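Next come the chains, spelled out residue by residue.
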Amino acid sequence: MEQRTVVRCAEGHLFSTATFPMQNLGTARLGPGRLIRCPQCGRLRSSVPADVSELSGAQLARAMRLEAVEFLT
């Protein structure tokens, strides 16, 4: 099963992505945000990994259903 990352776009929308580009480089080198096409608004937005410990079960379930497929690094 593929690992998914729950992210939050600059507009506050929560969704998931199969990969979070270049996450292994860490925040010190490139910063935490990446450009990902938000499935809710359809625009490229700066997105960061969401703190899943702060999300309700409903928010997490909805984010896992909304899936981003295109991204840029």
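Computed from a predicted structure; not experimentally measured. (Residues numbered from 1 in each chain as written. Predicted model: local features only at pLDDT ≥ 70, side-chain atom pairs only at ≥ 80, totals over all residues. Heavy atoms only, no water.)

**Q** Sorry, what's going on with the environment of Thr17 here?
**A** Within the element layout of this structure, Thr17 appears in strand β2 (residues 14–17). A C-alpha to C-alpha distance of 7.4 Å links Thr17 and Val7, two positions 10 residues apart in sequence. (Helix = DSSP H or I, 4+ residues; strand = E, 2+ residues; numbered from the N terminus.)

**Q** What should I look at first to understand the state of the cysteines in this one?
**A** Linking two cysteines covalently through their sulfur atoms gives a disulfide. Per the counting criterion, the structure on display carries 0 disulfides. Summary of cysteine pairing: Cys38 is not part of a disulfide, and the nearest cysteine sulfur, belonging to Cys41, is at 3.8 Å. With a relative accessible area of 31%, Cys41 lands in the partly exposed category. (Disulfide = S-S within 2.5 Å. Buried < 20%, exposed > 50% of the residue type's maximum accessible area, 1.4 Å probe, protein only.)

**Q** Explain the pairing of strand β1 (residues 5–9) here, please?
**A** Along any regular strand, the residues point their side chains to alternate faces of the sheet. Burial analysis of β1 places 4 of its 5 residues in the buried class, which makes it a mostly covered element. Summarising the sheet, β1 and β2 pair through 4 bridges and their orientation is antiparallel. Of the residues in β2, the one forming a bridge with Arg8 is Leu14. From the end of β1 to the start of β2, which pair antiparallel, there are 4 residues, and Gly12 there has a positive phi angle of about 95°. Two elements, β1 and strand β4 (residues 44–49), share 3 bridges in a ladder whose sense is antiparallel. Pairing of Cys9 across the sheet is with Ser47, part of β4. (Pairing = 2+ DSSP bridges.)

**Q** Is there a simple way to explain the nonpolar core in this structure?
**A** A general feature of soluble globular proteins is that nonpolar side chains tend to end up buried together. By size, the foremost hydrophobic cluster in this structure holds 7 residues: Val7, Cys9, Phe15, Ile36, Cys38, Leu66 and Ala68. Setting aside anything within four residues of it in sequence, one finds Ala68 in contact with Arg4, Phe15, Ser16, Thr17, Ile36, Arg37 and Pro39. Val6, Leu14, Leu55 and Ala63 belong to the second-largest nonpolar core, a separate cluster that totals 5 residues. (Core = buried A, V, L, I, M, F, W, Y, C linked by side-chain atoms within 4.5 Å. Contact = heavy atoms within 4.5 Å.)

**Q** Explain the side chain of Arg45 to me, please; I cannot follow it from the model alone.
**A** Looking at the secondary structure, you find Arg45 in strand β4. Leave out the neighbours within four places in its chain, and Arg45 touches Cys9, Ala10, Glu11, Arg34, Leu35, Ile36 and Cys38.

**Q** I tried to follow the pattern of salt bridges on my own but got confused; where do I start?
**A** Side-chain pairing between opposite charges can occur once the charged atoms of the two side chains come close. Within this structure, the stated rule accounts for 2 salt bridges. Arg4 is paired through a salt bridge with Glu67; the nearest N and O atoms lie 4.0 Å apart. One end of the pair, Arg4, is in the segment before β1; the other, Glu67, is in strand β5 (residues 67–68), with 63 residues separating them in the sequence. Taking the relative accessible area as the measure of exposure, Glu67 reaches 43% and is therefore partly exposed. In this structure, Arg45 and Glu11 form a salt bridge, with 3.6 Å as the shortest nitrogen-oxygen distance. Linking Arg45 in strand β4 with Glu11 in the loop between β1 and β2, this pair joins segments that are 34 residues apart in sequence. A relative accessible area of 48% places Glu11 in the partly exposed class. (Salt bridge = Lys/Arg side-chain N within 4 Å of Asp/Glu carboxyl O.)

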